[in-house]
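These are the residues of each chain, in order.
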Amino acid sequence: MNKKGLDEMQIQRRNNIGNQAFLMLLYLLLIDAGLYGYGFRWVSYPANIMIILTVCAGIYAIRLIKASAYVGPSTKKERPVLTILMTGLISVLVAMGIIILLKNTGFSDVGQINDISAQILFSAGFAGIAIAVITVVINRMQNKDDGE
């Protein structure tokens, strides 16, 4: 990431989006805690926090990319297909590593992990690919608007 290439306006946008994402995370966690106090459980304990955190982080990343405040300008030629493939491969490897660690540590019943391992692997891979595709699409739309 080339953060040194960001100008003052991009840094200000990044900080503004970061503050808004943090406040959104805070409010969603407070709402979740309040609903939990009233007996409403939409997902069991560790999963609800992870879902809220993942959604907020995804919104933060997409908003940064859309506002052109994620990375500075690059001097080398981009290869989006290679980036997409590498992101997908890394996300699948990370998901496989998490599944193996969960099985080996005895964190949960092995039967439960085996039942959801395919969903975890698919979700992690899909999320990585979706983020890479969204990044490429937004960058191309911005480059078209800039006349490059």
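It should be emphasised that the depicted structure is a prediction, and the values quoted were computed from it without experimental measurement.

A. Looking closely at the overall build of the chain. Scanning the chain from N- to C-terminus turns up four helices and zero strands. Shown N-terminal to C-terminal, the secondary structure of the chain runs as helices and strands in the order α-α-α-α. Carbon and sulfur atoms form 67% of the exposed surface of the chain, whose accessible area is close to 11,000 Å².

B. Representation of unusual backbone geometry within the structure. Located in the positive-phi region is Ser 68, a residue other than glycine, with phi close to 55 degrees. Checked against the element boundaries, Ser 68 lands in the loop between helix H2 (45-66) and helix H3 (80-105).

C. Structural context of the side chain of Asn 48. Within the secondary structure layout, Asn 48 lies in helix H2. Overall, the relative accessible area of 5% leaves Asn 48 in the buried class.

D. Just the packing of aromatic side chains, in detail. On inspection of all chains with the given rule, the structure shows zero aromatic pairs. Sitting above the plane of the Tyr 36 ring, Arg 41 keeps its charged end 4.2 Å from the centroid.

E. Representation of the environment of Val 43 in the model. Secondary-structure assignment places Val 43 in the loop between helix H1 (8-37) and H2. C-alpha of Val 43 to C-alpha of Asp 32: the two residues are eleven residues apart in sequence and 10.0 Å apart in space. Once you skip the residues sitting within four places of it in the chain, Val 43 turns out to touch Asn 48 and Ile 51.

F. Spatial organisation of H1. Between the first and last C-alpha of H1 there are 43 Å, a value that for 30 residues agrees with the 44 Å anticipated at 1.5 Å per step. Among all positions of H1, only Gln 10, Arg 14, Ile 17, Ala 21, Leu 25 and Asp 32 are buried. Just beyond H1, the residue with positive phi is Gly 39, at close to 95 degrees.

G. A look at the environment of Ala 132. Note on placement: Ala 132 falls in helix H4 (residues 110-146). The class of Ala 132 is buried, set by a relative accessible area of 6%. For the pair Ala 132 and Met 86, spaced 46 residues apart in the sequence, the C-alpha separation amounts to 9.5 Å.

H. Spatial organisation of the packing of H1 against H2. Running from amino to carboxyl end, H1 crosses H2 at an angle of 160 degrees, the nearest separation of the two axes being 10 Å. It follows that H1 is roughly antiparallel to H2 by the angle criterion. Crossing of H1 against H2: the hand is right-handed. Of the residues in H2, those touching H1 at Arg 14, Ile 17, Gly 18, Gln 20, Ala 21, Met 24, Leu 25, Leu 28, Leu 29 and Asp 32 are Asn 48, Ile 49, Ile 52, Leu 53, Cys 56, Ile 59, Tyr 60, Arg 63 and Leu 64. When the residues that make up the contact of H1 with H2 are grouped by side-chain class, the tally is 13 nonpolar, three polar and three charged.

I. Expanded view of the confidence of the model for the chain. Here the chain averages 77 in pLDDT, and 75% of its residues register 70 or above. Within the chain, H1 carries the highest mean pLDDT (91), whereas H4 carries the lowest (70).

Thresholds applied
- Residues numbered from 1 in each chain as written.
- Predicted model: local features only at pLDDT ≥ 70, side-chain atom pairs only at ≥ 80, totals over all residues.
- Heavy atoms only, no water.
- Helix = DSSP H or I, 4+ residues; strand = E, 2+ residues; numbered from the N terminus.
- Areas by Shrake-Rupley, 256 points an atom, 1.4 Å probe, with all protein chains shown as cover.
- Buried < 20%, exposed > 50% of the residue type's maximum accessible area, 1.4 Å probe, protein only.
- Phe/Tyr/Trp six-rings, centres within 6.5 Å; stacked < 30°, edge-to-face > 60°.
- Lys NZ or Arg CZ within 6 Å of the ring centre and 35° of its normal.
- Contact = heavy atoms within 4.5 Å.
- Expected span 1.5 Å × (residues − 1).
- Axes fitted to C-alpha atoms, helices over the stretch in contact; angles between N-to-C directions.
- Parallel < 35°, antiparallel > 145°, perpendicular 65-115°, else oblique.
- Left-handed = near helix turned anticlockwise from the far one by under 90°.
- Nonpolar A, V, L, I, M, F, W, Y, C, P; charged D, E, K, R; others polar.
- pLDDT = per-residue confidence, 0-100.

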